[in-house]
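# An overview of the molecular structure
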Amino acid sequence: MNPEEITLKIKNFAGQYVNTDNIEADTDLFASGMVNSLFAMQLVLFVEKEFGIKVENEDLDIDNFKSLDAIHLFIQRKLPVAS
Amino acid sequence: MDMELNADQISARQAFRQFVEQHVIPTAAKCDALRETPPELIESLAREGYLGALVPKEYGGEGMDGLKWGLLCEAMGYGSASLLSLLTVHSMVIQAVLKWGTQAQREKWLPPLASGKIIAGFALTENKTGSDAKNTKTSARQQDDGTWLLQGNKKWMSFGQVASLFLILAQIDGKATAFLVERGSRGFSTEPITGMMGFRSAMLAQLHMDDCLVPAENILGRPGFGFSHVIGTALDQGRYSIAWGCAGLARACVDACLDYTDQREQFGVPIREHQLIQEMIADMITQSRAAQMLCFRAASLKEQGDPSLIMETSMAKYFASRAAVKIASDAVQIHGANGCSNQFPVERHFRDAKIMEIIEGSNQMQQIIIARYGYQRHQIKKKGGGNP
Ligand SMILES: Cc1cc2nc3c(=O)[nH]c(=O)nc-3n(C[C@H](O)[C@H](O)[C@H](O)COP(=O)(O)OP(=O)(O)OC[C@H]3O[C@@H](n4cnc5c(N)ncnc54)[C@H](O)[C@@H]3O)c2cc1C
């Protein structure tokens, strides 16, 4: 999957919970209070379902999830392992 | 969404309902009156593999899928909401360990949880912190040797008198963190809670942690992820189980009323002949069916691992618990004075149904997140995306 496809999928997903027109790729979604506490698990389910990645204990690092960019990097890092 | 059960699911449902007929219904009133669940009943759940239903086979469980689990909870809710709550809290801890445990934690805890050698309790709520659960006051501080000392109290733990392992949320310098705490830990004690309106045989307890010593390896997940991820996973599982349980409780009330209205005569005819009774029966049946359908939808999304599962489960829990309260209330009405007597199960169902609106996130909390979800979906629709 190329980076553009990943970006699009992330944007489509995040767009269901926040107005992605108004956020930068590096905006901290959690610190900005844009998302509620359920978003964390919705994000995990999204990444797992959409990219076939398993999010596990060792992945629990806010740097993996805090912004659209961070999520992108996390997925890219995990994808080769998953495939 | 396919709501037809296949042959395997039908036979599983039959087995669950048979178990409830044989072991749960005959003892439920007595357990309620005595405010206890006898160990033999818990052992019978373990023997059937119900305590380990969600544990994968490699760890000694049944590896049951979400739909079958739902059917099991529905059957259990039909017989006893208190007993359902044992399956609920036990499975919440199992899901949390399965999802966020390290390999070592999974290997250590899942086999005894599956066999029922360990009964698990879920400890989030405190005396002063309920719905605002992220801000629990129980704290944890690390010692030089890496072990943790927990300080604080938890209240209203279902089966807290029985459980030997608790999933406890505590704060490490403001970072919500989940811990697995064994009953025998130094500085840990429990105190039974009595006087409950419903869930009377759920053997509730308060937990006291007074510099309770917890090994370094008993953190579940990572500091700061205890609420959002670990407790989040558990609560989602809890809402799912409770939604199905409510559907079962509702079905029990409907069945009781169909029987009763056939037998009870007033004004020279069985009361089923009175149209105002029929109105209540029609509403009960319809609400009960609608609750089941939302549960099936949640099951289908769970199977797919779809992110919308979280909100749809919240809706299922919200609707099913409201329906259960209304249906149980009408069931008491239909039974008249008999409905107010513990000689008829609808009296217990009525008390238990009310609890369902409060646990696993009160219905006001569900309403808040459902409304927010509605606005978000509406926004997307206006932008021309998705299929809200
Ligand atoms: C039988 C039983 C078993 C239980 N088992 C467990 C268990 O095993 N583990 C566990 O951790 N907990 C357990 N609980 C506790 C349960 O989860 C809590 O009671 C629940 O989360 C609500 O918290 P509270 O009772 O402190 O109510 P509060 O949070 O004090 O709320 C009081 C009322 O205010 C409403 N409210 C609160 N905030 C808002 C708001 N922002 N907007 C609108 N309304 C609001 C609530 O909906 C509620 O109606 C159990 C409770 C019962 C009754």
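Quick notes on the rules
- Residues numbered from 1 in each chain as written.
- Chains lettered and ligands numbered in written order.
- Predicted model: local features only at pLDDT ≥ 70, side-chain atom pairs only at ≥ 80, totals over all residues.
- Heavy atoms only, no water.
- Phe/Tyr/Trp six-rings, centres within 6.5 Å; stacked < 30°, edge-to-face > 60°.
- Helix = DSSP H or I, 4+ residues; strand = E, 2+ residues; numbered from the N terminus.
- Buried < 20%, exposed > 50% of the residue type's maximum accessible area, 1.4 Å probe, protein only.
- Lys NZ or Arg CZ within 6 Å of the ring centre and 35° of its normal.
- Contact = heavy atoms within 4.5 Å.
- Buried area = accessible area lost by both parts, 1.4 Å probe.
- Salt bridge = Lys/Arg side-chain N within 4 Å of Asp/Glu carboxyl O.
- Polar contact = N/O pair within 3.5 Å; in protein donor to acceptor, adjacent residues only side chain to side chain.
- Nonpolar A, V, L, I, M, F, W, Y, C, P; charged D, E, K, R; others polar.
- Expected span 1.5 Å × (residues − 1).
- Arc of directions from axis to C-beta.
- 1 Å grid on protein atoms, 1.4 Å probe; cavity = no way out; pocket = protein on both sides within 12 Å on 5 of 7 lines; lining within 4 Å.
- Points joined across faces, edges and corners; volume = space filled by probe spheres on them.
- Axes fitted to C-alpha atoms, helices over the stretch in contact; angles between N-to-C directions.
- Parallel < 35°, antiparallel > 145°, perpendicular 65-115°, else oblique.
- Left-handed = near helix turned anticlockwise from the far one by under 90°.
- Near = heavy atom within 4 Å.
- Areas by Shrake-Rupley, 256 points an atom, 1.4 Å probe, with all protein chains shown as cover.
- Sits in = over half its atoms within 2 Å of the grid points.
- Domains from an automatic or database assignment.

## Topic: the packing of aromatic side chains
The tally for this structure, following the rule as stated, stands at 14 aromatic pairs over all chains. Centre to centre, the rings of Phe166(B) and Phe188(B) are 5.4 Å apart; their planes meet at 40 degrees, and the pair counts as tilted. With Phe166(B) in strand 4 (residues 165-172) and Phe188(B) in strand 6 (residues 188-192), the pair connects residues that are 22 residues apart, well separated along the chain. The exposure class of Phe166(B) is buried, given its relative accessible area of 0%. One aromatic cluster is present, formed by Phe13(A), Tyr17(A), Phe30(A), Phe39(A), Phe46(A) and Phe51(A) through successive ring pairs. We note Lys302(B) situated over the ring of Tyr240(B); from NZ or CZ to the ring centre the distance is 4.6 Å.

## Brief notes about the interface of chain B and chain A
Note: interface size is frequently given as the accessible area lost on complex formation between the parts. Across the boundary between the two partners, chain B contributes 28 residues, which contact 28 residues of chain A. Carbon and sulfur atoms make up 57% of the area that chain B and chain A hide from each other, which totals about 2400 Å². The interface formed by chain B and chain A contains three salt bridges. For Glu56(A), the salt bridge goes to Arg106(B), with nearest N and O atoms at 3.7 Å. At the boundary of chain B and chain A, one finds seven residue pairs in polar contact (both at pLDDT 80 or more). Residue assignment for the side of chain B that touches chain A shows that the elements contributing at least two residues are helix 4 (81-100), helix 5 (103-115), helix 6 (226-263), helix 8 (309-339) and helix 10 (363-383) of chain B. Here the side of chain B that touches chain A is built from residues that sort into nine nonpolar, 11 polar and eight charged.

## Points about helix 1 (residues 3-14) of chain A
In an α-helix, one turn spans 3.6 residues, which is why side chains three or four residues apart end up on the same side. Residues and elements named next belong to chain A. Look at helix 1: 16 Å from first C-alpha to last across 12 residues, which is about the 16 Å you get at 1.5 Å a residue. Regarding helix 1, the residues found buried are Ile-6, Ile-10, Phe-13 and Ala-14. Buried positions in helix 1, seen along its axis, are confined to an arc of 90 degrees and lie on one side of it. The exposed residues of helix 1 that point more than 90 degrees off its buried face are Glu-4 and Leu-8. Here helix 1 starts with a cap whose side-chain oxygen sits 3.1 Å from the backbone nitrogen of Glu-4, and that cap is Asn-2.

## Digging into empty space enclosed by the protein
This model, assessed by the stated rule, comprises two cavities of 30 Å³ or more. Lining the largest cavity we find Tyr17(A), Val35(A), Asn36(A), Leu38(A), Phe39(A), Gln42(A), Met311(B), Ile369(B), Arg372(B), Tyr373(B) and Gln376(B). Only helix 2 (38-51) of chain A together with helix 10 of chain B provide two or more residues apiece to the lining of the largest cavity. In terms of residue count, helix 10 of chain B provides more of the lining of the largest cavity than any other element does, four residues in total. Grouping the amino acids of the lining of the largest cavity by side-chain chemistry returns seven nonpolar, three polar and one charged. Roughly 40 Å³ of volume is contained in the second largest cavity. Around the second largest cavity sit Val24(B), Thr27(B), Ala28(B), Cys31(B), Thr37(B), Leu41(B), Ser80(B), Leu83(B) and Ser201(B), which together line it. Here the lining of the second largest cavity gets four residues from one element, more than from any other, and that element is helix 1 (residues 7-34) of chain B. Among the residues making up the lining of the second largest cavity, the classes are represented as five nonpolar, four polar and no charged.

## With respect to the layout of surface pockets
In this approach a probe as big as a water molecule rolls over the atoms, and the regions it shows empty are the leftover space. Looking at the largest pocket, its volume works out to about 1300 Å³. Forming the walls of the largest pocket are 45 residues, and the residues nearest its centre are Gly130(B), Ser131(B), Glu360(B), Gly361(B) and Ser362(B). No other element matches helix 6 of chain B, which puts seven residues into the lining of the largest pocket. Its residues assigned to classes, the lining of the largest pocket comprises 23 nonpolar, 15 polar and seven charged. Approximately 720 Å³ is the volume found for the second largest pocket. Considering the residues around the second largest pocket, the lining is formed by 28 residues, among which Leu45(A), Gln95(B), Leu98(B), Lys99(B) and Lys302(B) are closest to the centre. Residue assignment for the lining of the second largest pocket shows that the elements contributing at least two residues are helix 2 of chain A together with helix 4, helix 6, helix 7 (275-304) and helix 8 of chain B. When residues of the lining of the second largest pocket are assigned to their parent elements, the largest contribution, five residues, is made by helix 2 of chain A.

## Things to note about the packing of helix 1 of chain B against helix 3 (residues 66-79) of chain B
All names here are of chain B. Put simply, helix 1 and helix 3 touch, their axes get as near as 8 Å, and they point 25 degrees apart. Judged by the angle between their axes, helix 1 and helix 3 are roughly parallel. Handedness of the helix 1/helix 3 crossing: right-handed. Here helix 1 contributes Asp-8, Gln-9, Ala-12, Arg-13, Phe-16, Arg-17, Phe-19, Val-20, Val-24, Ile-25 and Ala-28 to the contact with helix 3, which in turn contributes Leu-67, Lys-68, Leu-71, Leu-72, Glu-74, Ala-75, Met-76, Tyr-78 and Gly-79.

## Some remarks on the site of the ligand
Residues and elements named next belong to chain B. The immediate surroundings of the ligand are formed by 19 residues, with Thr-125, Ser-131, Trp-156, Ser-362 and Gln-364 found nearest. In this structure, an oxygen atom belonging to the ligand sits 2.5 Å away from a side-chain N or O atom of Ser-362. Here an oxygen atom of the ligand and a side-chain polar atom of Gln-364 are 2.7 Å apart. Protein contact buries 64% of the 980 Å² of open area that the ligand shows by itself. Judged by the proximity of its atoms to the pocket grid, the ligand belongs to the largest pocket. Elements represented by at least two residues in the shell around the ligand include exactly strand 1 (120-123), strand 3 (148-157) and helix 10. Here the element with the most residues in the shell around the ligand is helix 10; it accounts for three residues. Its residues assigned to classes, the shell around the ligand shows 13 nonpolar, six polar and no charged. Here the shell around the ligand spans two domains, and each of domain 2 (120-227) and domain 3 (235-382) adds at least three residues to it.

Limitation: the analysis is restricted to geometry and does not speak to function.
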